[in-house]
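One letter stands for each residue in the lines below.
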Amino acid sequence: MTTSDLPAEGQPDVSTEGTEAPFDDVITLSTSTDEDGAVTVTVVGEVDTFTAPVLRSTLDSQLEQQPRELVIDLSGVQFLGSAGLAVLVETQKSARSREVALRLIATTRAVTRPLEVTGLIDLFTIADAR
């Protein structure tokens, strides 16, 4: 990878509904809104130091829209590193300050284990399905 493969400074390279993020070999993000106004960001792949900024940018963009609820579907995540945990904590704080309900869909050990080991799992509303 070269620096030309990365988003330009100040220009977050995030996916929009129906498209994939540019790091599709490592992470794929997609966004959907259901009829009651809840926004779901679906994450597939690895959330690490390299991909966490892309996820953070997407989640921040969604929170700026003030949805009724933000659902982060992590059921397709194979690895959740410390940078990913930090993004989730920051998103939780931002959602609370905006009075947006936040829910994680966590169905795999790759996601639940890091949350449990760090004691962060109690910060979140966890669901195992939509």
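Residues numbered from 1 in each chain as written. Predicted model: local features only at pLDDT ≥ 70, side-chain atom pairs only at ≥ 80, totals over all residues. Heavy atoms only, no water.

Caption draft 1: Up close: the pairing of strand β1 (residues 27-33). For β1 and strand β2 (residues 38-47), the ladder comprises seven bridges, and the chain directions are antiparallel. Residue pairing across strands places Ser30 opposite Thr42, the latter belonging to β2. Linkage of β1 to β2, two consecutive antiparallel strands, is achieved through a turn of four residues, within which Gly37 is found at a positive phi near 90 degrees. (Pairing = 2+ DSSP bridges. Helix = DSSP H or I, 4+ residues; strand = E, 2+ residues; numbered from the N terminus.)

Caption draft 2: How the structure looks around the pattern of salt bridges. Applying the stated rule across the entire model yields five salt bridges. With a shortest N-O distance of 2.8 Å, Arg68 and Asp36 are connected by a salt bridge. Linking Arg68 in the loop between α1 (52-64) and β3 (69-80) with Asp36 in the loop between β1 and β2, this pair joins segments that are 32 residues apart in sequence. Judged by relative accessible area, Arg68 falls into the partly exposed class, the value being 44%. One salt bridge connects Arg56 with Asp60, and the closest N-O pair in it is separated by 3.2 Å. Separated by four residues within a single helix, Arg56 and Asp60 lie in helix α1, roughly one turn from each other. One salt-bridge network, held together by shared partners, links Asp36, Arg68, Glu69 and Arg103. (Salt bridge = Lys/Arg side-chain N within 4 Å of Asp/Glu carboxyl O. Buried < 20%, exposed > 50% of the residue type's maximum accessible area, 1.4 Å probe, protein only.)

Caption draft 3: Fine view of the sheet that holds strand β5 (residues 125-127). If you walk across this open sheet you meet the five strands as β1-β2-β3-β4-β5, and the pairing is mixed. What marks the edges here is a single partner per strand, and that holds for β1 and β5. Along the sheet, successive strands turn relative to each other by an average axial angle of 20 degrees, direction set aside. As paired strands, β3 and strand β4 (residues 101-105) are joined by five bridges and run parallel to one another. When the sheet's bridge partners are listed, Val71 is paired in β4 with Arg103. Against the sheet, helix α2 (residues 82-97) touches β2, β3 and β4, its axis set at about 175 degrees to β3. (Axes fitted to C-alpha atoms, helices over the stretch in contact; angles between N-to-C directions. Contact = heavy atoms within 4.5 Å.)

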